[in-house]
Amino acid sequence: MIRLLVDQNFNDHILAGLTRREPGLDVVHVRDVGLAAALDPRILQWAADHDRVLLTHDRRTIPPFLHDRIAAGLLVPGVFLVSDAMPIGQAIDELQIAVSCLSPGECADIVRYFPL
């Protein structure tokens, strides 16, 4: 199953709904591992070191840093980038499908954009 690292400003309502539906989901928040004020490259490195897909709303800076890592040949477990304009229920539904159906290998080296 996919393991997640949740970015600092990710919607708590989406996360709560997802973890209610998937109680066994392995989720760590950046603030719980001392990365609340960390820059994006450091967060992506931590995600790679701990084999976790990053769950974020950050469309502006995360994708370029992810692509830089890939170009440098560095490991990237993947990113789930959820539009912050997406309705909460829809975001929960789509993320539940993703975490239930995708393997970690299917997430590596890509950004999956939500809505799907």
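First things first, this report covers the structure right here in the doc. (Residues numbered from 1 in each chain as written. Predicted model: local features only at pLDDT ≥ 70, side-chain atom pairs only at ≥ 80, totals over all residues. Heavy atoms only, no water.)

1. A word on empty space enclosed by the protein
Right, on to step 1. The full count for this structure, using the stated rule, is 1 cavity of 30 Å³ or more.
Right, on to step 2. Reported here for the largest cavity is a volume of approximately 30 Å³.
Right, on to step 3. In terms of lining, the largest cavity is formed by L44, A47, R52, L54, V76, P77, G78 and V79.
Right, on to step 4. Looking at the lining of the largest cavity residue by residue, the classes come out as 6 nonpolar, 1 polar and 1 charged. (1 Å grid on protein atoms, 1.4 Å probe; cavity = no way out; pocket = protein on both sides within 12 Å on 5 of 7 lines; lining within 4 Å. Points joined across faces, edges and corners; volume = space filled by probe spheres on them. Nonpolar A, V, L, I, M, F, W, Y, C, P; charged D, E, K, R; others polar.)

2. Here's the deal with the state of the cysteines
Right, on to step 1. Applying the stated criterion to the full structure yields 0 disulfides.
Right, on to step 2. The thiol sulfur of C107 is not disulfide-bonded, and the nearest other cysteine sulfur, from C101, lies at 11 Å.
Right, on to step 3. You can call C107 buried: its relative accessible area is 1%. (Disulfide = S-S within 2.5 Å. Buried < 20%, exposed > 50% of the residue type's maximum accessible area, 1.4 Å probe, protein only.)

3. Points about helix α4 (residues 88–101)
Right, on to step 1. An ideal rise of 1.5 Å per residue puts 20 Å on 14 residues; α4 measures up with 20 Å between its terminal C-alpha atoms.
Right, on to step 2. Within the span of α4, buried status applies to A91, I92, E94, L95, A98 and V99.
Right, on to step 3. If you follow the buried residues of α4, they end up packed against β1 (3–6), α1 (12–21), β3 (53–56), β4 (79–82) and β5 (111–114). (Helix = DSSP H or I, 4+ residues; strand = E, 2+ residues; numbered from the N terminus. Expected span 1.5 Å × (residues − 1). Contact = heavy atoms within 4.5 Å.)

4. Here we look at the packing of helix α2 (residues 40–49) against helix α3 (residues 62–71)
Right, on to step 1. At a minimum axis separation of 10 Å, α2 and α3 run at an interaxial angle of 55°. It follows from the interaxial angle that α2 and α3 lie oblique. Taken as a pair, α2 and α3 cross one another with a handedness that is right-handed. Contacts from D40, P41, L44, Q45 and A48 of α2 reach α3 at I62, F65, L66 and R69. (Axes fitted to C-alpha atoms, helices over the stretch in contact; angles between N-to-C directions. Parallel < 35°, antiparallel > 145°, perpendicular 65-115°, else oblique. Left-handed = near helix turned anticlockwise from the far one by under 90°.)

The quantities given are spatial measurements derived from coordinates; they are silent on function.
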